[in-house]
Amino acid sequence: MASIHQSFGFGTPSANRSLQEFPGSPGYQSSQSFYSQTPPGVAPYQHSLISPTDAQSSSTISHLPLARDSIDVAGRTIDKCILSDSSSAKLIDQLKITKEGCPTHSGLSPSDYPQAAQSCRMLLKQCGTMKRVPLPQELVEQFAHVETISSMGLLPQIGRAWLTIDSNIYLWNYRDGSDLAFYDGLSEAILSAGIAKPKPNVFQPQIEYLLVLATTVEIVLLGVTFSGDEIHVIPDPLFALPTDGAFILTIEASDSGRIFLGAKDGCLYEVTYTSDSGWFSRRCKKINHSRSAISFLLPSFINAAFYEDEPIVQIVIDESRRLLYTRSDKGTLVLFDLGENGSSVSRVAYMTLQNIADAAHNIVSTIDKTCFRPLAGISLIESSESPELNLVAFSTSGVRMYFTCLPFNAIIGAPLTSPVQRYSGLTLTHIRLPPGFSVSSTSQKPSNVRASYYCKGTSILSSPHADDTDTIWVASSDMFPFSQTLTEGFSVEQLDGRVCDIVLDGVRNSIVGGLKMEPPAVVVQHSRPPANFVILTSQGCHIFPKLRPVEVLRQILVESGGADSEIVRTFFTILKEEQGAAVALILACSQHAQDPQISDWATKAFLLYGGEIKTTPTNVVPTFPHSSLSGSDSPLTGSGRPSFGTPLHGPPLGFSTLGTPVQSFQPPLISTPQPGQTIDNLAPISPIESFFSGKHNGIYIYLGRIIRPIWIRELISEKKIGNSLLVESSVSVDEIGFIISKLTDLQSFIERNSLITSASLPDNFNISRRNITDVPAQRRHYMDVKQAEKQSLQALDHLVKHSAEVLGLWRVICDHQLHLLKDNLPGDILSQMKMMSFRDLILGGQEVCSSLINSLINRYLADSASTDSISSRLRDVCPSLYRSDDAICSKVNELLLNARNESSRANKEQLLKEALELCKQIPTRVQLSNVCQHLSALQCFSGIVDLCLAVADKRDPQKRGLYYYQSNEPADDKAGRDSYLARIDAYRQITTYLGLLMYGIPASPQGPPTTSQTVADAQSQVENMLKLVLRSDDELCHVAVYSWLIERGLIDKLLQIRSPFLEKYLLREKDCHPEVPLKMDLLWKFYENQRNFAAASKVLAQLADTHNAQLSLNQRIEYLSRAIVCAKSGSMNVGPMSAQGDLLHELEEKMDVARLQAQILESVMQLPSHIPQVRDAISRLNSEFFNVTTLYEDFAEPFGLSECQLAIMQCAGHQDPPLIMSIWSQIFDKEIAKVGNAESSTKMAVLGAALKRLARQYASSEQYFPLEHVIKTLELYAVKFQYQEPLWLPNTLLSAGIPLLRIYKAYVKVHSARDNVWKAEGAPHHLVTVIDRITKIFAENPNSLPAPERRSMYGTLLVELPVLLSHLYGFADPQAKLLAVSLKQTQEQLLRSSLH
C-alpha cells in the first residue's frame, strides 16, 4: 500500500499514530496504558450477558462489528468536507476589504467576469426558463380608464401583484395570474400600497395580513384573509388616519408588524396602532421619525424654510440587525437604528449622493464620477451572507457600492449595547463595476439602470432596451463558490415591458447545520429548490429560476443530448473535478420518475470527467487534463488555474480528505511504496506523488452535504410543558426521512455503478518518465494507490449504510414518541444523549442505539403487546443494529443464574464449567464483563482468567493481534488492530478483578454481593491469578498485566517477574513512548537488577539525552552520573579498552559540557523571569543537552553571560585573544554596574573579589587570562574612581596565586605600550607609581621569593629600572622627579642586595 499525504490545513491523526489513540472505536484506551488511571470498577450487574438488554426482555440484541475503524476515519473525512464547505471565503475577504485597510474596488479584471466561448455560454447563464404570466385581461381593459395615477408592485409575502388605477387597487396571484381581487372603497387616488403582518392580540385571528393603502389625504389599513389560495380584502377599514399633507410614496413593514412610510416631504413616518385607546393616546396614529417634536407646532411654511424636501422613494428593513435604510430621489441614504429589540427608531447617519460619488471616485479614480450617480436602488446584505457588510447600492450605470454601518476596524461579533456602539454610520467600503469595464471585455455595459435587486449574492439590473422593453442583467458567483475573489458569471435577458418591481419568491428556510453563515449554493442545492425571481413589468410577470450549478449541469446535459460534449467537460473544469463530481451526483442519484435519462447522463459525466488518480514526479508541477482554465484552448478566460496543497501525512487506510478550504477539495498525495511497507509507516523514497481521483473526493463531498444539516446538530431538545420537561428530537421526522432518502439513493448509486471494485490500470495510464527509470515500480505504485482509494470508498460505503440505519432507527424511535421511551433508558444513556450530536450517534453511539432498541422492546413488553411487528420493522430498517438472541446466550444466562442458587459445590462447579465452555463458543457475542461479574460473585476468579484467555484466543485464532503488537501497531493493519483490541478487551477483565481483590473495590450495587474475604484470602487469589497469567504463553496477556502493574505503581512486583516477555515489553515501551521517562526508568532498573551494567548505562545515557520537558537539567545530570557509574562497573568486567571504555570516555566528556550548561542555567535563572526569552531559555536548557557551540551562540552570547562565555571558550579550547579580552572587559563592566553609585572603595572591592575568583580558575592559562589586559582595565578603573591604593591590584593578584615576577613583567609591558589613555585620564605616571611600589616590595624582602624566581626578579628589575628612569627623565613635572628619585634609590638597594 502507498502512504497517504494530506493537503488539508488542519490537524489529522499522524500516519504512525497508535491505534489506542482513536476515540470512539471498540477497546479504546489511553496511549500511556491499557486502562484508566482510576482503580478499575465492575460493570453494572445485568442478567443478560450478551447485550445490554434489560433482563425482562425476552430477546437480546447483538452488535456485529460495522468496520468501526473505517467508519470513524470516513466520519473524520466527512468532518473535513463539512468544514471545507463552511470555510469558503467570506464576502469581505473576496472583496479584499481589510479592517485596517482602505476601501477597495473590483470589476476591472477579466477574471471578475469570466467570458465564455460561444459554445459554452450556457455554463455562465444565470436565468432558467422564463415563465411569462400576462396581466389579467380585466386589468388590461382598466388601463384605458386611468384618470390621474397608476402604479404597480409585488407583495411576495402573500404571492400577489398589485395595480392601482386612481382610487382602485387590484390584487392577483403573480404565479399564474389567477385570483383577481379588487378594492374600490376609497375616494382619492392611491399613491402607494404595502402589506404588513398584524401585531399580536389586536385583531381577530382570521386576519392574516394588513393591506396598507396611502392616498393623497388618508392612510387606510384593510384586513386580508385567505380561504385556501383565495384572497379576501375586508371592505371596512380597520384603521384610517389623515396624511396631514404628507404624500406617501413608499410603504414597508417589518416582520414584527411595524409599518413605515416614506413621504414626498423627505420624512420617515410610522403608523402605530393598539387594541384600545387611552386618555392621551389614539388607537392609531402617525409618527414622524425624521423631524423633532417642535416641528409639528410650526406652520408648514416655516418647516419648509428649515427643511429641504427630498422625497423618500425606497425603504429597506434589515430584520437581522434591526436597521432601516431610506433612499431619497436625490440619492441621499439615511440609516435608522430600530434598537436591539426592534421597538424604537433613532436616526444614526446619512450620506448624500455627492458624498457617495466623491467617496466612490476616490476609490476608483480612473472611472468617471458620473458612473456613480444617480442611484437606481438599494438592497440589503443579510447577516448570514456577510456580518460585516450591510448595504449595497446600485447606480444607474450598474455600479455596485457596498456599505458597512460599522467602523473599519470594528470587531465583528462583539456585544453591542447601544446604537452608538452598534452602528457608527455609513461607510463606503467597496466599488464593484459591472461587466464591460475591463479592457479585454467584449460585453456591453449596463446603462440607464431603472431598477435593481440584490439577494444572497445575486444581482439583477434592469435597463431600457427599446421604447417599451427592458433588458435585465443577472450576475452571480454560484459557479465559482470557493474563489478567493468575487468571480461572477452573468447573463442578459430581454423582457417585453418596462420593469416595475423585482422580488425573490419561493425561498424555503432550510436547516443549514446550525451554522451562522449561509453556505454557498453549491453546498445546499441538493436539498433546496432553486430560488425564483419575479419581475413585474407593464405587460405582466416574468418568473425565472436562478440557475445553480446543478441546474446548469441538467440543462447542458439536456441540450447536449448526453455527457459526451465539450461543454460538459468544461463544466467540470470550472468547478474543479471533485466539485463537478459532487454536483453530478445530485442528478445521478435522483430517483424521480421523470429523471431516468438525465440520471444516466449525469452518471456517465461523473465517470468520464470526475477524474482518475493522477501520478507525477515530485519535482514536476502537475498539469492534469482540464485542470486549467487559462490555456489557449480554454473555453473561459481569466479564471485562473487550480492550486495544489502542500502534502501532509494522512490518516490510516489511505482515506482522502479535503484540501484547503479556499480551493475546496484538494486530493491527497501518495508516495511510492517499497515491498513490505505499509501505508502509514512508509518513508517516501520515490520521486512520485499521486492524487486521489476527483470522483473519490466528490462522493465524499456529496455525502458530507447530505448529512450536513444534522451532523453537528444536538440529538435531543427539551421543551418545558407545565412543570415538566418534554424530551423530543431536535430534528423532525420529515427532515430525517429526507436525509435517509438521499443516503439510500447514494447507496443505490454506489452499488449500481460498482464504484468499489478491484484495482486496475486505466486505459490512459501514463507516467512521466522524467527522473523515473523503474516503470513497473510505478505501475505497482499506481495499483497501491488504486487499492487505497478502494479502501476509502469502502469506508464511505460503510458510513452511508450505517448512517442510514442509525437515522432509520431514530425515525422509528421518534414515531414511538421519544418522551415515552426515555423512562426506560439508563440515566447515563439519557445524559449522553443530551450531550450528543447526530455525528456522535452515528460514529460512536452504538451503546445509545442498543439502549434505545432495548427501551423500545421493553415498552412493547410492558404493554403486553407483541414484538413481532416492531422486530420486523427494526430488522428492515437497521439489520446490523438489531438481532435476536441465540440459544447459547440464553443458556449461559440460565446456567450462571442456576449456579448462584446451587448449594452443592460439585454441582456449582459443573454448572460454571458448562457456562464457561459455552461462552468460549461465542467470543464475539459474549458480554464478558457481565459473565466475569457473575464469576466474581461466585468466587471463581480462576475461571475469569481461564475465560478471558480462551475468549482472547477465540477472538484472534491466527494471533494477528500479537503480530500487530510486535509490528509496532501499523495503522494500515486494520485486521490486526481489530484482533489486538479484541484481545485487550478480554484481558481488561483480568486486571479489573485483580484491582477488585487488591484494593477492595465493591461490586456494583445492582449486582450479586461478593462473598466477604480476608485480606490474606484476597492476596492468595491475586497471586493465583497472576500465576495463571504468567504461566500462559499469551504474550499480550502478559503485556496487559505488566501495564496494569505499572499503572498501579507496583514497580517492585513487576521487576521481580522472571519472564522472557518482560524485557521485550520494556524495550517496546521505551521505543513507543520515548517521551515518558518512566518507561526508560523501568528498563535501566531492569538491566541493573539483571547486572547488565553495559545495557543500563546505555539506557541511562539515552534517558539523559531525551528531549522531554518533564526532565530538568539536574535530573539529566543525575542520569548521566548514574550512566558513568554503570559504565565504570561495566568496563571493570570487560576491560577499559573495550567499547564500554569508549562509552565511558564519551559520557565523561558529555558531563563536562553538562556542567557548563548547568552554570549557564544558573546564570539565566538570575535574570528577570518576566522576559519571554528568559523563560524560553530556561525551558530549553532543561529540555535537552546542548553542545558548546549551541550553548555559546544560543544562550551565553545572547544573554550576555560573560563568565559563561569565557568558560565555554576554555572548555572548547577556542583561542581568540580579542574576543577573550572583550569578555574580560564585559565581566568587569557588569561588576561595576551591579554596585551602581557606590563609593570607590566598594567598587574596587567588588572588582577585586571578581578578579580573585576568576584568576584562581583561569590564571594557569595565559590564553584565557590576559594579565596585561586585566591590569590595564582595572588600573584604569582605579584612576577613574580616584582610588588611592596603588598596591590593591598587585596584592589581589598575589592573593590569587599569581607570581610577583609575572605581575611585574605584565605591568612593565603595559607601561611600555605608552598608551595615551593614562595622560588623558590625568595620571600619566600611574603605572610607574605601581611599578615603583612593586619594586620596593621585592627590594625590602627579596627572600620572600624562591631562589630561582628571586634571581629572575633581580635580573628583570636591573634591566627594566634604567629604562623606566630614562623614561622619567624626559618629564619635568615634580611627580616624575620624585618617582625617578624613588626608583633610583630602589635600584641602588637592589644592586647592593645582589652583591650579597
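Everything here concerns the structure above.
Not measured: the values here are computed from a predicted model.

**What to know about the overall build of the chain**
Move 1: Looking only at helices and strands, the chain features 45 helices and 39 strands.
Move 2: Sorting the 1396 residues of the chain into buried and exposed places 55% on the buried side.
Move 3: Within the chain, residue pairs in contact and separated by at least 24 positions form 65% of the contacts whose partners lie at least 6 positions apart.
Move 4: Total accessible area on the chain is roughly 60,300 Å²; 51% of this is exposed by carbon and sulfur atoms.

**Some points on the pairing of strand β38 (residues 716-721)**
Move 1: In terms of strand pairing, β38 meets strand β39 (residues 724-729) through six bridges, oriented antiparallel. Note on β39: the bridge partner recorded for Lys-720 is Leu-725.
Move 2: Connecting β38 to the next strand, β39, in antiparallel fashion are two residues, including Gly-722 with a positive phi near 70°.

**Remarks on helix α34 (residues 1172-1183)**
Move 1: Here α34 contains 12 residues, and its C-alpha end-to-end distance of 16 Å stays within 8% of the 16 Å for a straight helix at 1.5 Å per residue.
Move 2: Here α34 has its buried residues at Val-1174, Ala-1177, Leu-1181, Asn-1182 and Ser-1183.

**Regarding the packing of helix α29 (residues 1060-1072) against helix α30 (residues 1077-1089)**
Working note: a packed helix pair is described by the angle between its axes plus the distance between those axes.
Move 1: Running from amino to carboxyl end, α29 crosses α30 at an angle of 145°, the nearest separation of the two axes being 8 Å. When you trace α29 past α30, the crossing you get is left-handed. When α29 is examined against α30, the residues Leu-1062, Glu-1063, Tyr-1065, Leu-1066, Leu-1067, Glu-1069 and Lys-1070 are found in contact with a partner set consisting of Lys-1079, Met-1080, Leu-1082, Leu-1083, Phe-1086 and Tyr-1087.
Move 2: A per-class count over the contact of α29 with α30 returns nine nonpolar, no polar and four charged.

**Topic: the sheet that holds strand β2 (residues 104-106)**
By way of backbone hydrogen bonds, the strands of a sheet pair with one another, either parallel or antiparallel.
Move 1: In space, the five strands of this open sheet follow the order β2-β25-β24-β23-β22, with mixed pairing throughout. The open sheet has two edge strands with one neighbour each: β2 and β22 (375-380). Adjacent strand axes in the sheet meet at a mean angle of 25° when their direction is disregarded.
Move 2: The sheet contact formed by strand β24 (residues 400-404) and strand β25 (residues 427-432) spans five bridges and is antiparallel. In the strand pairing of β25, Thr-404 is matched with Thr-427.
Move 3: This element, helix α5 (residues 353-363), spans β2, β22, β24 and β25 of the sheet and lies at about 55° to β25.

**Considering the side chain of Thr-250**
Move 1: Position of Thr-250 relative to the elements: it lies in strand β14 (residues 248-253).
Move 2: What makes Thr-250 buried here is its relative accessible area of 11%.
Move 3: Beyond its immediate sequence surroundings of up to four residues, Thr-250 is in contact with Ser-192, Phe-260, Leu-261, Gly-262, Ile-312, Val-313, Gln-314 and Ile-315.

**What about α30?**
Move 1: Along its 13 residues, α30 runs 18 Å from first to last C-alpha, staying within 8% of the 18 Å computed at 1.5 Å per residue.
Move 2: Of the residues flanking the end of α30, it is Arg-1091, one or two places downstream, whose phi is positive at about 60°.

**A word on the nonpolar core**
Move 1: Ranked by internal contacts, the top residues of the largest apolar core, which has 167 residues, are Ile-1160 and Phe-1265.
Move 2: Beyond its immediate sequence surroundings of up to four residues, Phe-1265 is in contact with Trp-1224, Leu-1251, Ala-1255, Tyr-1258, Ala-1259, Val-1270, Leu-1293, Ile-1298 and Arg-1302.
Move 3: The next biggest cluster of nonpolar side chains, apart from the first, holds 100 residues, and it includes Met-122, Val-524, Trp-810 and Phe-838.

**Re the environment of Ala-795**
Move 1: Looking at where Ala-795 falls in the secondary structure, it is placed in helix α14 (residues 775-815).
Move 2: Expressed as a C-alpha distance, the spacing of Ala-795 and Arg-68, which sit 727 residues apart in the sequence, is 9.1 Å.

**Here we look at the sheet that holds strand β18 (residues 312-318)**
Move 1: Judged by pairing direction, the sheet is antiparallel, and its four strands sit side by side in the order β18-β19-β20-β21 without closing on themselves. Each edge of the open sheet carries a strand with a single partner, namely β18 and β21 (346-351). Neighbour to neighbour, the strand axes of the sheet diverge by 20° on average, direction disregarded.
Move 2: With six bridges connecting them, β18 and strand β19 (residues 323-328) associate as antiparallel partners.

**Remarks on the pairing of strand β32 (residues 540-545)**
Move 1: Of all the six residues making up β32, five are buried; the element is thus mostly covered by neighbouring parts of the structure.
Move 2: Inspection of the sheet shows strand β4 (residues 131-134) paired to β32 by four bridges, in the antiparallel sense. Bridge pairing in β32 links Lys-131 to Ile-543.
Move 3: Taken together, the six bridges between strand β31 (residues 532-537) and β32 define a ladder with antiparallel strand orientation. Each residue of the ladder has a partner; that of Thr-537, found in β32, is Gly-540.
Move 4: What sits between the antiparallel neighbours β31 and β32 is a turn of two residues.

**Comments concerning a nonpolar patch on the surface**
Move 1: A surface patch of nonpolar side chains, amounting to about 210 Å² of accessible area, comprises Phe-247, Leu-249 and Val-313.
Move 2: Among the structural elements, Leu-249 can be located in strand β14.

**Some thoughts on the packing of helix α1 (residues 68-86) against helix α12 (residues 694-711)**
Move 1: With their axes 9 Å apart at the nearest point, α1 and α12 run at an angle of 80° to one another. Compared by their axis directions, α1 and α12 come out roughly perpendicular. Contact with α1, carried on its side by Ala-74, Gly-75, Thr-77, Ile-78, Asp-79, Cys-81, Ile-82, Asp-85 and Ser-86, involves Tyr-700, Ile-701, Leu-703, Gly-704, Arg-705, Ile-707, Arg-708 and Trp-711 of α12 and no other residues of that element.
Move 2: Counted by class, the contact of α1 with α12 contains nine nonpolar, four polar and four charged residues.

What counts and how
- Along each chain, numbering runs from 1 in the same order as the chain's sequence is written.
- Only residues with pLDDT of at least 70 are given local features in this predicted model, and only at 80 or more are side-chain atom pairs given and counted; all residues enter the totals for whole chains, interfaces and linings.
- Think of the side-chain values as coming from all heavy atoms in the structure, minus any hydrogens and water.
- Each helix corresponds to a stretch of at least 4 residues labelled H or I by DSSP, and each strand to a stretch of at least 2 residues labelled E; elements are numbered beginning at the N terminus.
- The classification of residues rests on relative accessible area computed with a 1.4 Å probe and restricted to protein chains. Under 20% of the type maximum is buried, over 50% is exposed, and intermediate values are partly exposed.
- In what follows, residue pairs with any heavy atoms lying within 4.5 Å of each other are defined as contacts.
- Using a 1.4 Å probe, accessible areas were evaluated by the Shrake-Rupley method; residue-level cover was limited to the displayed protein chains.
- Between any two strands, at least two bridges found by DSSP are needed for them to pair.
- By this rule, a helix spans an expected 1.5 Å times one less than how many residues it contains.
- Axis definition: a line fit to C-alpha positions, over the contact stretch in the case of helices; interaxial angles, taken between N-to-C directions, run 0 to 180 degrees.
- By definition, turning the near helix anticlockwise from the far helix through less than a right angle yields a left-handed crossing, and turning it clockwise yields a right-handed one.
- Charged means Asp, Glu, Lys or Arg here, nonpolar means Ala, Val, Leu, Ile, Met, Phe, Trp, Tyr, Cys or Pro, and polar covers whatever is left, Gly included.
- For our purposes a nonpolar core is just a set of buried Ala, Val, Leu, Ile, Met, Phe, Trp, Tyr and Cys residues, chained together by side-chain atoms within 4.5 Å.
- For patch detection, residues must exceed 30% relative accessible area and be free of salt bridges, and they are connected within 9 Å for like charges or within 5 Å for nonpolar side chains (Val, Leu, Ile, Met, Phe, Trp, Tyr).
- One side-chain nitrogen of Lys or Arg within 4 Å of one carboxyl oxygen of Asp or Glu is enough to make a salt bridge.
- Convention used here: angles under 35 degrees read as roughly parallel, angles over 145 as roughly antiparallel, angles from 65 to 115 as roughly perpendicular, and any remaining angle as oblique.

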